[in-house]
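# Fold and geometry: a report
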Amino acid sequence: DDAADAIVGNFAPDLNVGDESVQNNVVVAAQPNEHVYRGKLIAGNKPSRSANKKVPEDDDKGVLVPPSPPKDAPGEMGKPVVLPTNMTVEMKKAVDDGWTNNAFNQYVSDMISVHRTLPDPRDAWCKEPNRYLENLPATDVIICFHNEAWSVLLRTVHSVLDRSPPHLINEIILVDDFSDMPHTKQQLEDYFSAYPKVKILRAPSREGLIRARLLGARHATAPVITYLDSHCECTEGWLEPLLDRIARNSTTVVCPVIDVIDDTTLEFHYRDSGGVNVGGFDWNLQFNWHAVPERERKRHKNSAEPVYSPTMAGGLFSIDRKFFERLGTYDSGFDIWGGENLELSFKTWMCGGTLEIIPCSHVGHIFRKRSPYKWRSGVNVLKKNSVRLAEVWLDDYAKYYYQRIGQDKGDYGDVSGRKELRRNLGCQSFKWYLDNVYPELFIPGDSVANGEIANIYTDMCLDSAATGSEVQSAVEPYPCHGQGGNQYWMLSKGGEIRRDEACLDYAGNDVVLYPCHGSKGNQFWKYNQQKRQIRHGSSDKCLAISEKKDKVVMEECDSNQLRQQWKLENYDPS
Ligand code: UD2
Ligand code: MN
């Protein structure tokens, strides 16, 4: 039902272009004094225009000379902005509204210049002479947004314009995914009419970020496509190291280091090269971060060199446009949010490319603790996307994801076109990917049991809502529900009871989940199938449910005690 669907799988830049309201901006006029947006002024802040004044330009390359905010203005050099504790009632309401609408502190963002300065986070290695090729390909920068805050969106765009060599930016394509905030309408067009490189595309209905990206890609003409989220800030020299890798090999897909812009203070925290992480995923098909593995460290002399990454976070990367097209871009059946990052990661590696994180390139991103916008009602969008992904790319390993979702795949639509794409590309197997690209990943099939751990006496299961490997999280008894998820566990050959990177751990107090350390001790458990006991290594106690049936506890082992008896799903010690 949507135009974007028609473009999937390949690029057809000439298709339907006329149907969308493309703003080919011309320089009309503007007064680039937009750098001081203060507090609640911003909501109704209209960009000032004066019809006949020409915008200052850099050598007619269409790039404005950025206004430079005063050094002591809020947030300069990436410094935090802390609001006073004695706010007026109006101010407090404005702050709260900002949080409600955006899931970050919009009020603080509005106080900061849209041209604010940032520290230069680059390692000296990055700035050595002749580090990058002289003739780099230009890129289009595609930024999709659904109801992004005005000051944040503008700062994203200005950070690209202000900190990229003009000749390397062909166009900035803003894709409005059917926003309904007032400032995303005419005000946005008026504002960017002063910036000829900025083009605005409007999705005719809510597409979700994946189809919105495809819509943008259809209008891209530069040799390289760069995607950014709509709440980013590019730092000095972010672009050249990305384009350099693609110039050297067009099948290399590259991601900048993603620095954290604090959601409360907008402080820019950057990671130095030593702290760079690479991407992974777990069997719930969630993306996660890891330290650079030893085998990868060994490949490098300097920690600022590009590092291989099994996956990408998804929002910020550059890719050769033709290579993206060859890989079949994204699955347009992916709705709203999620899954596309792993799809692109897997097929990049499996179908002849490489995925790298480039420590010389830094872009900040506001990480949020919740999603501020509406998803679809009545469908589990993320699960649907993930099932499509698993069906097409995971081969037999898909079963591990299905165990996590209690085998309930739901209606995931038609994936035959995507399977055909994979066949035509002649890609490697998922096993090849795991063996060669992500050997660190724990494979559920290498475990002696997987599924629920049910207490015989109570029909309660070991349950933990922890996701990822938070440092210490509770494990509790909960009625068995048979749907995997929080009750899905694996008993590894090494005696760990684990889910992804989190291991059941007992250090004398509560039974908790702790990041797996692989050295047995407090994380070592032994199952005796006859006695149905789970005996703990270092304490020699047995796992039990408390008499009140409300806690997971450790007790002296007693083979007559039913509260100490457990059934492990799919237990097979052979
Ligand atoms: C991460 C990625 C994001 C995407 C997502 C998985 C980073 C820093 N971010 O989530 O880019 O890969 O994982 O899908 O790697 N948007 C729309 N339409 C929608 C929903 C979102 O245009 O229906 C826009 C949104 O305004 C934003 C971008 O898509 O600019 C990403 O959304 P997000 O910021 O909510 O995702 P994030 O960073 O949690
Ligand atoms: Mn984001």
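Residues numbered from 1 in each chain as written. Chains lettered and ligands numbered in written order. Predicted model: local features only at pLDDT ≥ 70, side-chain atom pairs only at ≥ 80, totals over all residues. Heavy atoms only, no water.

### Things to note about the overall build of the chain
Stated formally: Helix numbers and strand numbers start at the N terminus; a helix is a DSSP run of H or I with at least 4 residues, a strand a run of E with at least 2. Three labels apply to residues, based on accessible area from a 1.4 Å probe with only protein chains included: buried if under 20% of the type maximum, exposed if over 50%, partly exposed otherwise in between. Should any heavy atoms of two residues lie within 4.5 Å, those residues are considered in contact. All accessible-area figures derive from a Shrake-Rupley calculation using a 1.4 Å probe, and residue coverage is judged against the displayed protein chains alone.
The number of helices and strands found in the chain is 13 helices and 26 strands. The buried share among the 574 residues of the chain stands at 56%. Counted over contacts in the chain with a minimum sequence separation of 6, partners at least 24 positions apart contribute 74%. About 24400 Å² of surface is accessible on the chain, with carbon and sulfur atoms providing 48% of the total.

### Regarding the pattern of salt bridges
As a reminder, the rule being used: Whenever a carboxyl oxygen of Asp or Glu lies within 4 Å of a side-chain nitrogen of Lys or Arg, that contact is scored as a salt bridge.
Evaluated as defined, the whole model comprises 36 salt bridges. For Glu 391, the salt bridge identified is with Lys 419, shortest N-O distance 3.8 Å. Taken together, the residues span a long stretch of sequence, with Glu 391 in helix α10 (residues 381-393) and Lys 419 in helix α12 (residues 416-425) at a distance of 28 residues. Each of Glu 207, Arg 211, Asp 335 and Arg 376 takes part in a single network of salt bridges with overlapping partners.

### Digging into the coordination of the manganese ion (ligand 2)
Cut-off, in case you're wondering: The rule for donors is simple: N, O or S, within 2.8 Å of the metal, or within 3.2 Å if the metal is Na, K or Ca. Water isn't counted, so a site may look like it is missing partners.
All of the protein donors around the manganese ion (ligand 2) are Asp 229 (OD), His 231 (NE2) and His 365 (NE2); their distances to the metal are 2.2 Å. Along the chain, the residues donating to the manganese ion (ligand 2) are arranged with the sequence spacing D-x1-H-x133-H. For the pair shown, Asp 229 and His 231 are each scored as buried.

### Digging into the pairing of strand β25 (residues 552-555)
Put simply, the test is: Between any two strands, at least two bridges found by DSSP are needed for them to pair.
Examined bridge by bridge, strand β24 (residues 542-545) and β25 share 4 bridges and lie antiparallel to one another. Bridge pairing in β25 places Ala 544 opposite Val 553. What sits between β24 and β25 in their antiparallel hairpin is a turn of 6 residues, with Lys 549 showing a positive phi close to 60°.

### Examining the sheet that holds strand β18 (residues 489-492)
Reading across the sheet, the 6 strands line up as β13-β18-β19-β20-β21-β16 and stay open at both edges, with antiparallel pairing between neighbours. Among the strands making up the open sheet, the edge pair consists of β13 (447-451) and β16 (473-474). The sheet contact formed by β13 and β18 spans 4 bridges and is antiparallel. Residue Gly 451 lies in a different strand from β18, and its bridge partner there is Trp 489.

### Looking at the side chain of Asp 263
Under the convention used in this document: Each polar contact in these results corresponds to two N or O atoms within 3.5 Å; when the atoms are within protein, one needs to be able to donate a hydrogen and the other to accept it, and residues that are neighboring in sequence are counted only if both atoms are side-chain atoms.
In this structure, Asp 263 sits in the loop between β6 (252-261) and β7 (268-269). Among the polar contacts made by the side chain of Asp 263, one reaches the side chain of Thr 264 at a distance of 3.1 Å. A polar contact of 2.5 Å, which involves the side chain of Asp 263, links it to the side chain of Lys 369.

### What about the site of ligand 1?
Defined as follows: Any residue with a heavy atom positioned within 4 Å of a molecule or strand is treated as near that molecule or strand. We call Asp, Glu, Lys and Arg charged. Ala, Val, Leu, Ile, Met, Phe, Trp, Tyr, Cys and Pro are nonpolar, and the rest, Gly among them, are polar.
In the vicinity of ligand 1, 22 residues are found, and the nearest of them are Asp 177, Ser 230, Gly 338, Glu 340 and Tyr 373. With the chains in place, 92% of the 740 Å² that ligand 1 exposes on its own is no longer accessible. Mapped by element, the contributors of at least two residues to the shell around ligand 1 are β1 (139-145) and α5 (208-218). Per element, the largest residue contribution to the shell around ligand 1 is 3 residues, and it comes from α5. In the shell around ligand 1, the residues fall into 8 nonpolar, 8 polar and 6 charged.

### Points about helix α1 (residues 89-102)
To keep things clear, this is the line we draw: To estimate the expected span of a helix, count its residues, drop one, and scale the result by 1.5 Å. By definition, the arc is the one covered by directions from the helix axis to the C-beta atoms.
Between its terminal C-alpha atoms α1 stretches 20 Å, which fits the 20 Å expected from 14 residues at 1.5 Å a residue. All of the buried residues along α1 are Met 91, Val 95, Gly 98 and Asn 102. Buried residues in α1, looked at end-on, bunch into an arc of 60°, giving them a common side. Seen from the buried face of α1, the exposed residues on the opposite side, beyond 90 degrees, are Val 89, Glu 90, Lys 93 and Thr 100. Of the residues flanking the end of α1, it is Ala 103, one or two places downstream, whose phi is positive at about 60°.

### Topic: the nonpolar core
Under the convention used in this document: Note on terminology: a nonpolar core comprises buried Ala, Val, Leu, Ile, Met, Phe, Trp, Tyr and Cys residues joined through side-chain atoms within 4.5 Å.
Core analysis: the largest hydrophobic core is formed by 62 residues, its most contacted members being Phe 281, Trp 283, Phe 346, Leu 394, Phe 430 and Tyr 433. Ranked by size, the runner-up nonpolar core spans 40 residues in total, among them Leu 153, Ile 200, Trp 238 and Cys 360.

### Observations regarding the confidence of the model for the chain
As a reminder, the rule being used: How sure the predictor is of each residue is captured by pLDDT, a score from 0 to 100.
For the chain, mean pLDDT is 88; residues scoring 70 or higher make up 88% of the total. Within the model, pLDDT remains below 50 along residues 1-63, and this stretch shows 141 contacts once partners closer than five positions in the same chain are excluded. Among the prediction metrics, the complex's ipTM stands at 0.99, with pTM recorded as 0.86.

### Some thoughts on the packing of α10 against α12
To keep things clear, this is the line we draw: Angular values range over 0 to 180 degrees, each being the angle between N-to-C directions of two axes fitted as lines to C-alpha atoms, with helices fitted over their stretch in contact. Two helices crossing with the near one rotated counterclockwise from the far one by less than a right angle form a left-handed crossing, whereas a clockwise rotation gives a right-handed crossing.
Interhelical geometry of α10 versus α12 gives an angle of 35° and a closest axis separation of 9 Å. At the point where α10 passes α12, the crossing takes the right-handed sense. Here α10 contributes Arg 388, Glu 391, Val 392 and Trp 393 to the contact with α12, which in turn contributes Arg 418, Lys 419 and Arg 422. Of the residues assigned to the contact of α10 with α12, the class counts are 2 nonpolar, no polar and 5 charged.

### Remarks on α5
Most of α5 sits out of view: 10 of its 11 residues are buried. Turning to α5, its buried residues are Gly 208, Ile 210, Arg 211, Ala 212, Arg 213, Leu 214, Leu 215, Gly 216, Ala 217 and Arg 218.

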